[in-house]
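This is what each chain is made of:
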Amino acid sequence: MGHTTLDKIKALQKNPANIRNLCILAHVDHGKTTLADCLVASNGIISSRLAGKLRYLDSREDEQIRGITMKSSAISLHYASEEKDYLINLIDSPGHVDFSSEVSTAVRLCDGAIIMVDAVEGVCPQTQAVLRQAWLENIRPVLVINKMDRLIMELKFTSQEAYTHLQKILEQVNAVTGSLFTSKVLEERADKEKEKDKEKEKEKEDIDPMGCSGSEQVYDWSAGLEDSDDSQLYFSPDQGNVVFASATDGWGFSIQQFANIYSQKMGIRGEVLRKTLWGDFYLHAKAKKIMKGAHTKGKKPLFVQLVLDNIWSLYDAVVTRRDQDKVEKMMLSLGVKVMARDSRHSDPKVLLSAICGQWLPVSQAVLSMVCEKLPSPLDMTSERIEKLMSVGARRFDSLPTQTQELKTAFMQCSCEDTAPVIVFVSKMITVDAKSLPQNKQRPLTQEEITQRRELARQRHAERQATSQQTGNEEGNAHAGSTAPAVLSQMQALTVAAKPEDEGKQIFVAFARVYSGVVRRGQRVFVLGPKYNPAQGLQGSTSMTGSLPPVPHLACCTLDSLYLLMGRELEDLEEVPPGNVLGIGGLEECVLKSATLSTSPALPPFIPLNFEATPIVRVAIEPKHPSEMPKLVRGMRLLNQADPCAEVLIQETGEHVLVTAGEVHLQRCLDDLRERFAKIKISVSKPIIPFRETVVKPPKVDMVNEDLGKQQKVAVIHQVKESDTLHLDPSGLVTLTTPNRQATVGVRAVPLPEEVPLLLEGSADLIRTLEQAGQAQRDGRFLDMSPRTHDALLGLKSKLEGLLQGRKWRNAVDRIWAFGPRRHGPNILLNSVEGYQRPSVWHCLERDKGEKDGDNAIRDFDNSIVSGFQLATLSGPMCEEPLMGVCFSVERWEMNFPIQRTHLDSVGDEDSNSHDAPASSSESPQRRHEDIGAGVVDCYGPFSGQLIAAVKEACRHAFQAKPQRLMAAMYTCEIMATAEVLGRVYGVLGKREGRVLQEEMKEGTDMFIIKAVLPVAESFGFADEIRKRTSGLASPQLVFSHWEVIGSDPFWVPTTEEEYLHFGEKADSANQALKYMNAVRRRKGLYVEEKIVEHGEKQRTLGKNK
Ligand SMILES: Nc1nc2c(ncn2[C@@H]2O[C@H](COP(=O)(O)OP(=O)(O)OP(=O)(O)O)[C@@H](O)[C@H]2O)c(=O)[nH]1
Ligand SMILES: [Mg+2]
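Residues numbered from 1 in each chain as written. Chains lettered and ligands numbered in written order. Predicted model: local features only at pLDDT ≥ 70, side-chain atom pairs only at ≥ 80, totals over all residues. Heavy atoms only, no water.

As recorded in an unreviewed UniProt entry, the protein chain goes by the name Elongation factor-like 1, listed as coming from Esox lucius.

1. Details of the sheet that holds strand β23 (residues 681-683)
A sheet is described by the order of its strands in space; here four strands give the open sequence β21-β22-β20-β23, paired in antiparallel fashion. This sheet does not close on itself; its edge strands, each paired only once, are β21 (646-649) and β23. The average angle at which neighbouring strand axes cross in this sheet is 30°, direction not considered. Pairing geometry for β21 and strand β22 (residues 655-659), over four bridges, is antiparallel. Looking across to β22, one finds that E646 is bridged to V658. Packed onto the sheet, helix α21 (residues 628-641) meets β20 (616-622), β21, β22 and β23 and runs at close to 25° relative to β22. Lying on the sheet, helix α22 (residues 662-676) is in contact with β20, β22 and β23; it crosses β22 at an angle near 135°. (Pairing = 2+ DSSP bridges. Helix = DSSP H or I, 4+ residues; strand = E, 2+ residues; numbered from the N terminus. Axes fitted to C-alpha atoms, helices over the stretch in contact; angles between N-to-C directions. Contact = heavy atoms within 4.5 Å.)

2. Structural notes on the sheet that holds strand β27 (residues 742-750)
Sheet architecture is open: six strands sit in the order β25-β26-β27-β30-β29-β28, paired in mixed fashion. This sheet does not close on itself; its edge strands, each paired only once, are β25 (725-727) and β28 (815-819). Each strand axis lies, on average, 20° off the axis of its neighbour in the sheet, ignoring direction. Pairing between β27 and strand β30 (residues 885-894): nine bridges, direction antiparallel. Bridge pairing links T743 to E893 in β30. Across the face of the sheet, helix α29 (residues 942-959) comes into contact with β25, β26 (733-736), β27 and β30 while running at roughly 35° to β27.

3. Observations regarding unusual backbone geometry
For the bond from G819 to P820, the omega torsion is -5°, close enough to zero to count as cis. Inspection of the secondary structure puts P820 in the loop between β28 and β29 (826-830). A positive phi angle, near 65°, is found at R822, a position not held by glycine. Within the element layout of this structure, R822 appears in the loop between β28 and β29.

4. Things to note about the pairing of strand β15 (residues 560-565)
The element β15 is extensively covered by neighbouring structure, given that six of its six residues are classed as buried. Of the two faces of β15, both are covered, the one formed by S560, Y562 and L564 as well as the one formed by L561, L563 and M565. The pairing of β15 with strand β18 (residues 580-584) spans three bridges and is antiparallel. Note on β18: the bridge partner recorded for L561 is I583. Counting the residues that bridge the hairpin from β15 to strand β16 (residues 568-572) gives two residues, and of these G566 lies at a positive phi of roughly 65°. (Buried < 20%, exposed > 50% of the residue type's maximum accessible area, 1.4 Å probe, protein only.)

5. Notes on the pattern of salt bridges
By the definition in use, this model includes 40 salt bridges. For R384, the salt bridge identified is with D111, shortest N-O distance 3.2 Å. On the criterion of sequence distance, the pair formed by R384 in helix α16 (residues 382-389) and D111 in the loop between α4 (100-108) and β4 (112-118) is long-range, its members being 273 residues apart. With respect to class, R384 is no different from D111; both count as buried. Note that E454 and R457 form a salt bridge whose closest N and O atoms lie 3.3 Å from each other. Here E454 pairs with R457, and both are found in helix α18 (residues 446-468), just three residues apart, close to one helical turn. Judged by relative accessible area, E454 falls into the partly exposed class, the value being 41%. The structure contains a network of salt bridges with shared partners spanning R60, D62, D642, R667 and D671. (Salt bridge = Lys/Arg side-chain N within 4 Å of Asp/Glu carboxyl O.)

6. Digging into the coordination of the magnesium ion (ligand 2)
When a metal carries six donors in an octahedron, the ideal angles between them are 90 or 180 degrees, while four donors in a tetrahedron ideally lie at 109.5 degrees. The magnesium ion (ligand 2) binds to the protein through T33 (OG1) and T69 (OG1), with metal-donor distances spanning 1.9 Å. Of this pair, T33 sits in helix α2 (residues 32-41) while T69 is found in the loop between α3 (61-66) and β2 (73-80), placing the two residues 36 residues apart along the sequence. For the pair shown, T33 and T69 are each scored as buried. (Donors = N, O, S within 2.8 Å, 3.2 Å for Na, K, Ca; no water.)

7. Some details on α22
In a regular helix each residue adds 1.5 Å, so 15 residues correspond to 21 Å; α22 covers 20 Å between its end C-alpha atoms and thus fits that length. Residues of α22 that are buried include every one of V663, H664, L665, R667, C668, L669, D671, L672 and F676, and no others. Positive phi shows up at K678, right after α22, with a value of about 55°. (Expected span 1.5 Å × (residues − 1).)

8. Quick notes on the side chain of H78
Relative to the helices and strands, H78 resides in strand β2. At a separation of 3.3 Å, a polar atom in the side chain of H78 contacts the side chain of D85. (Polar contact = N/O pair within 3.5 Å; in protein donor to acceptor, adjacent residues only side chain to side chain.)

9. So, the site of ligand 1
Surveying the vicinity of ligand 1 reveals 19 residues, the closest of which are K32, T33, T34, T69 and D149. The contact in question runs from an oxygen atom of ligand 1 to an N or O atom on the side chain of T34, over 2.5 Å. Between S246 and ligand 1, the recorded distance is 3.4 Å, taken from a side-chain N or O atom to an oxygen atom. Here ligand 1, which alone exposes 660 Å², has 83% of that area covered by the protein. When residues of the shell around ligand 1 are traced back to their parent elements, those giving at least two are α2 and α6 (148-153). Taken together, the residues that form the shell around ligand 1 break down as three nonpolar, ten polar and six charged. (Near = heavy atom within 4 Å. Areas by Shrake-Rupley, 256 points an atom, 1.4 Å probe, with all protein chains shown as cover. Nonpolar A, V, L, I, M, F, W, Y, C, P; charged D, E, K, R; others polar.)

10. Thoughts on helix α15 (residues 362-373)
An ideal rise of 1.5 Å per residue puts 16 Å on twelve residues; α15 measures up with 16 Å between its terminal C-alpha atoms. Along α15, the residues that are buried comprise V362, S363, A365, V366, L367, M369, V370 and C371.

11. What to know about the packing of α21 against α22
With their axes 10 Å apart at the nearest point, α21 and α22 run at an angle of 120° to one another. Classified by the angle their axes make, α21 and α22 are oblique. Read as a crossing pair, α21 and α22 show a hand that is right-handed. Where α21 abuts α22, its residues L631, R633, G634, M635, L637, L638 and A641 lie against C668, D671, L672 and F676. (Parallel < 35°, antiparallel > 145°, perpendicular 65-115°, else oblique. Left-handed = near helix turned anticlockwise from the far one by under 90°.)

12. Comments concerning the environment of A134
Of note, A134 is situated in helix α5 (residues 125-136). Sequence separation of A134 and L25 is 109 residues, and the distance between their C-alpha atoms is 8.9 Å. In this structure, A134 is in contact with L25, V107 and I139, ignoring residues within four places of it in sequence.

13. Observations concerning the packing of aromatic side chains
Scanning the entire structure with this criterion turns up 22 aromatic pairs. Note on F258 and W359: the rings are 6.1 Å apart at their centroids and 85° apart in plane angle, and the pair reads as edge-to-face. Placement of F258 in helix α8 (residues 255-266) and of W359 in helix α14 (residues 348-359) is noted, with a sequence separation of 101 residues between them. The exposure classification of F258 matches that of W359, with both residues buried. (Phe/Tyr/Trp six-rings, centres within 6.5 Å; stacked < 30°, edge-to-face > 60°.)

14. Some remarks on the pairing of β26
Of the two faces of β26, the one holding V733 and L735 and the one holding T734 and T736 are both buried throughout. Alignment of β25 against β26, held across three bridges, turns out to be antiparallel. The residue bridging L725 from the neighbouring strand is L735, located in β26. Looking at chain direction, β26 and β27 are connected through four bridges and run antiparallel. Across the sheet, the residue bridging to V733 is V746, located in β27. Counting the residues that bridge the hairpin from β26 to β27 gives five residues, and of these R740 lies at a positive phi of roughly 60°.

Here's what the structure looks like:
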């Protein structure tokens, strides 16, 4: 196929039924970019000889050097099937786990995906992750099993063995999709049941208001699974959604192709072959029939006999034996002709690619499958649209009617002028200003060449005319006047890059049009993530001003539109719906992603699903301090250009960059140095995050001797009592504010291990709960979707399940707040006797408003929460956030100012804090009215003091318990051969890693090791493993959880046995202390360390003394 022209693509863009937007997803190195090369070559953009070697879509230099993709990039291709012309908008995505955010941005813009699996490695961790992402975005996948040649050449499988192996891979992939599907069906079924229940209850109430009919209901848990159609879901070659390929050798096939070949050759109906070529069928030669039961009868399955055997013998003849005669015979029977230079090439792979490229071209197999099996933009399901539009906890049917009507615009994908324009920008990419189409020197078109020729001819004629009339003044003047005119015309035709654009980075939005035609120069609304269409529809929204008076709504102009062609961009005037495109001129109004529309009724799309958590942080500063502004600007650009990187300025003034992993960090730094800041920078060592927590007192000491009560002494010594601070032996800390008007008593209790995990995992839910609580306090009601409501109730009951025992009685109902940032993994508990306040769950009950007023110290309730938030944000060990700590407020008293002691005093024995001022204390309700004018005194506003007191009390309460650091842990899956296994274990052991599981991959000599490893020890891990195993094992590190470090950083020997064992100094390596001191040193905090231990010894070192 020749080079597809821009006009052709423009024409194809207008027919959404024949557009396919798809991305290629897989684990790292499974061959995505190589396959993309083959597809690009089919359009004549690169030569087919270079396909697989060039990796055209890896346009960055570092991508080429490292050999991995780091940014997803798009290209539009043309595919002509027998009947129709298709436009394929293809996005190649990275497979490395550090760049999984790039996958999210790609998946959002597509309707389908090619999932690739390496035939040797099978399903890997990222394969599962991308399948889940495709699933979450409701896009349809097809499967390509790549690197089939490795089965022949590396593993030396026979065709029969390969068949069994392929079956296993398919089973693995289907198991992953199966589990996703089942969980969804069960969830939906539960929803339906609930709705039915509600209806039934209503009916029951109508008929029988007393509710005394009591038939027991029985549920069948598997019901629903049988009725739902899952045949579309599974990958099976006979369904036509699987292609077997070798992208480097340029071949690939689906069952369809072989069915066509053999139906002609053998006279069997194609339909029959399509159903039987994969599966337990064999050919009964005598009866000339296809029979079932190849396995039991020990026959060759059809797939082996008719498909694999041919490929195996081709490889055998061409590559292994290099049998010229046989190759020629085979070429003759396949009807393939190759060029002489290919057949004589010293590398047999060249000949092989030449033959296969004609016999079973991979692009043909993949593209025809894609066009047939993946949906067009017109087939967008209403479920997907509703999901995209239901941002936050809002329900689709609670949206304004005008908004709901927009659903039809999505479904119709209409290009009429009346259709609203809906565009989603999933990320911002940067391109060099000089590579923009308007700045590029294009090859001249035919007309331009004629025009130039005409100009040159004119000039020549004029010059001749002037030379004939030498001495003629008039003639000279004439020539002088025309020449500049011609010159300026010439200049207008050659567009050169402006020098000031040199090296400048321009942002182009990576986007898709869902409805309406986007035109250059058009004005659209930019909908912020918090934009509420209900507000937009009420207010006056016009696009004339730059900022309509509605919150979270802005306007912008689409300056330029581009067709994304890998490294190249092409200018477009307009883009019809259903296409992927680039938009220039949005850098001012779009940070990372955005929803654009001409209709203010559109809600913003739901945020992208990011699988990776940014965890590796470094502090950055310029080498020359004067270049700070450049760095700041550069970091701002970097933040905009990367979907996952975070840039922040810490309180200390440091500029911090947070990335998903080491490779991602490297790329961000390179970008900063070479593109965005263009200065030399110095980078700190990675800042490793820790969490602080408390644990139950240990029962044995460091030498495993049983501890009596001795340990407590060692723990408690850290809290120094003063006149306002009192610590009781059970760990209750009582603190009075400086003006002595309030006393709080706080105790820290470790939460059971599962609770912080649950809270971390439910951060979004808790945030919604917090919003709902806030709304309720403001007298509004947040319309929550029933699913969110149920999820919150589920969370509550899970917490109740985990917080069992006497200590936690009614704890869940007493939860006052979560922290830090109001949704963290720590709990504030209200254990104040006589103080009633609604719990955090209160807002889930619709009918009850907040009852208030009777409980007047509620006015200061917020100060307690704020104090708790501050205390949990940075702990006393090394100012890192807390995790898994419950602060139970057991006392809260408000005392009168001393001069007001004349008021009645109802003694409250509870106030046994010896430091309490000589004031009376009474029940909080009665005291409140007296706190007013007197509270603003020399110590500042009262609420501020209370916040500080609560914070301090929490910190002391924390210190009164055995404290521990928690380390962030990575999980990694390492694939290694038996020979290098020992070395892998060696590296893991050295870095405090722990092996969780080791299993052999079936059919290969590979082992899969699952291990966890502290993030603090992970830098350089991947490199070290690769070096030690000569490149055979390559781990992928994914953040998994926080783990308590066993050793106590404050440990000193206390028992006799410990003295004996560790000596008085006990300076054996204490991992936790090492980490803690490193963090303290970095933050400029006090580090308790003896630098010079024995001063006198140093003195003796001097020779001349
Ligand atoms: N033997 C064999 N090697 C292949 C095949 N396809 C790709 N490779 C090799 O696998 C390596 C990785 O290929 P890429 O196309 O860069 O893989 P990728 O999936 O794009 O990798 P990332 O983008 O980094 O996730 C390259 O060295 C390819 O030459 C194949 O069919 N057979
Ligand atoms: Mg790649």
